[in-house]
Amino acid sequence: MEPKADPSMPARRSRSKNQYVILPVCPHGDCLCRVDTLIFGLMMVAALSACTPVYAEDRTAAAAWWLQGETRRDDSGSVAQHLVLRLPPEAGDIAEVECFVRQAAIAAYNQGESDDFVSWQRLSARRGPNGMVSLTVEADRYCRTTVWATIPLPGGVAWAQTIFNQYGKVAEPAPAVAATMDPPAFSLSSSGEDYWPQTGHTFTATPGWDGAVERIDVVDEAGGILHRSIDHTGPVSYTPPHDPALDSAGDRAKKHFVFLAISPGGNETHSLSVAVHRSRSGNIDLPTGLLIGAVAMAVSLFVAVRLRAARAIE
């Protein structure tokens, strides 16, 4: 039996397997309905786009950050930290980058800075034969070292900062350089020990300059997003998770994450890179450890009871 069409609607015939079926059609014509549907779809796309936040990569905000390399100690007791500066493509083939270095004495491994020694230096990071822009910072005493780089870019500027401890110890350390410089600085705090930054600790960065900050993101050392803050100017906290690959790489291995502050418009960026080691406690198997401890205590108690019983018999 053929389906009946609505008599109030125009009809068209569709042929399928030599049979004709009456199909209802729009009284205004197919083209007009398709245009209405297209306009509605475009309006929905525009509305969704307006509600979608614009992120750093959408504005192609150019940023630079430090990566910590090898640490060396010479026979005199001085230590040297090698740093590599990761530059954005917008920096081009820049051969030299202006840097500022602040070193403040610390009394011991896990104590704060001391006013007894604060020294500033103005250095240059240079591009080497391998194409990398790098800098080596030396220390002849226990100190907390902060390094900045400023990279001029077309229409803007990128600042890169990193903070680390150095444990030099020479017989006659050099006197402090009394110059004072004022680069834009993040402050950094941690829930763990300063001398061993590690996965599982919570790190908090707070911008300390007057310029406008639209938000602060956290990225990995390759620029991948780890944490994104929308319309957030700081402080921002991040806890790097435990990493099995880092755990198996040894005590000297490091990985980095970067706090990245972006100005409105993306023409100015400030980064603070943090290097972390593997966790010293994150991979402890507590249930197994408790079980082994309980068994050891039971065995010790059993041996003590047997020894006391043997002595009583004698």
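Our structure is the block above this text.
Heads up: these notes are all about the structure in this document. Bear in mind that the values here come from a model prediction, so they are computed numbers and not experimental data.

What counts, and where the lines are drawn
- Residues numbered from 1 in each chain as written.
- Predicted model: local features only at pLDDT ≥ 70, side-chain atom pairs only at ≥ 80, totals over all residues.
- Heavy atoms only, no water.
- 1 Å grid on protein atoms, 1.4 Å probe; cavity = no way out; pocket = protein on both sides within 12 Å on 5 of 7 lines; lining within 4 Å.
- Points joined across faces, edges and corners; volume = space filled by probe spheres on them.
- Helix = DSSP H or I, 4+ residues; strand = E, 2+ residues; numbered from the N terminus.
- Salt bridge = Lys/Arg side-chain N within 4 Å of Asp/Glu carboxyl O.
- Buried < 20%, exposed > 50% of the residue type's maximum accessible area, 1.4 Å probe, protein only.
- Patch = residues over 30% accessible without salt bridge, like charges linked within 9 Å, V, L, I, M, F, W, Y side chains within 5 Å.
- Areas by Shrake-Rupley, 256 points an atom, 1.4 Å probe, with all protein chains shown as cover.
- Core = buried A, V, L, I, M, F, W, Y, C linked by side-chain atoms within 4.5 Å.
- Phe/Tyr/Trp six-rings, centres within 6.5 Å; stacked < 30°, edge-to-face > 60°.

**Quick word on the layout of surface pockets**
Where empty space is left can be seen by rolling a probe of water-molecule size over the atoms. For the largest pocket, the calculated volume is near 930 Å³. Along its surface, the largest pocket is lined by 31 residues, and Asn-165, Tyr-167, Tyr-195, Pro-197 and His-277 are the ones closest to its centre. Mapped by element, the contributors of at least two residues to the lining of the largest pocket are strand 3 (65–73), strand 4 (79–86), strand 9 (156–167), strand 10 (186–190) and strand 16 (268–276). Per-element accounting of the lining of the largest pocket gives the leading share, six residues, to strand 3.

**What to know about the pattern of salt bridges**
Note that side chains of opposite charge can pair when their charged atoms are close. For the structure shown, the criterion picks out eight salt bridges. Here Glu-98 and Arg-122 are joined by a salt bridge, their closest N and O atoms 2.5 Å apart. Here Glu-98 is found in strand 5 (residues 96–106), whereas its partner Arg-122 is found in strand 6 (residues 113–127), with 24 residues between them in sequence. Residue class for Glu-98 comes out partly exposed when judged on its relative accessible area of 33%.

**What to know about a nonpolar patch on the surface**
Taken together, the side chains of Val-299, Phe-302, Val-303 and Leu-307 present a nonpolar region at the surface, about 370 Å² in accessible area. With respect to the element layout, Phe-302 can be found in helix 4 (residues 286–313).

**Notes on the nonpolar core**
Counting 22 residues, the largest nonpolar core has Trp-66, Leu-85, Leu-87, Val-97, Val-147, Ala-149 and Ile-151 as the members making the most contacts within it. Looking at this core, the elements with two or more residues in it are strand 4, strand 5, strand 7 (133–139), strand 8 (142–153) and strand 9. Among the elements that make up this core, the one with the highest residue count is strand 8 (four residues). The next biggest cluster of nonpolar side chains, apart from the first, holds 15 residues, and it includes Phe-203, Trp-209, Val-213 and Leu-272.

**A short note on the packing of aromatic side chains**
One pass over the full model with this rule turns up seven aromatic pairs. Taking the centre distance of 6.3 Å and the plane angle of 25° together, the rings of Phe-100 and Trp-159 count as stacked. Here Phe-100, found in strand 5, pairs with Trp-159, found in strand 9; they are 59 residues apart in sequence, far enough to count as distant. The pair formed by Phe-100 and Trp-159 is uniform in burial state, with each residue classed as buried. Each ring, one from Tyr-142 and one from Tyr-167, has its centre 5.1 Å from the other, and the planes form 85°; the classification is edge-to-face. Taken together, the residues span a long stretch of sequence, with Tyr-142 in strand 8 and Tyr-167 in strand 9 at a distance of 25 residues. Looking at Tyr-142, the relative accessible area reads 23%, which means it is partly exposed. Judged by its relative accessible area of 15%, Tyr-167 is buried. Members of the aromatic cluster, connected to one another through ring pairs, are Phe-203, Tyr-238, Phe-257 and Phe-259.

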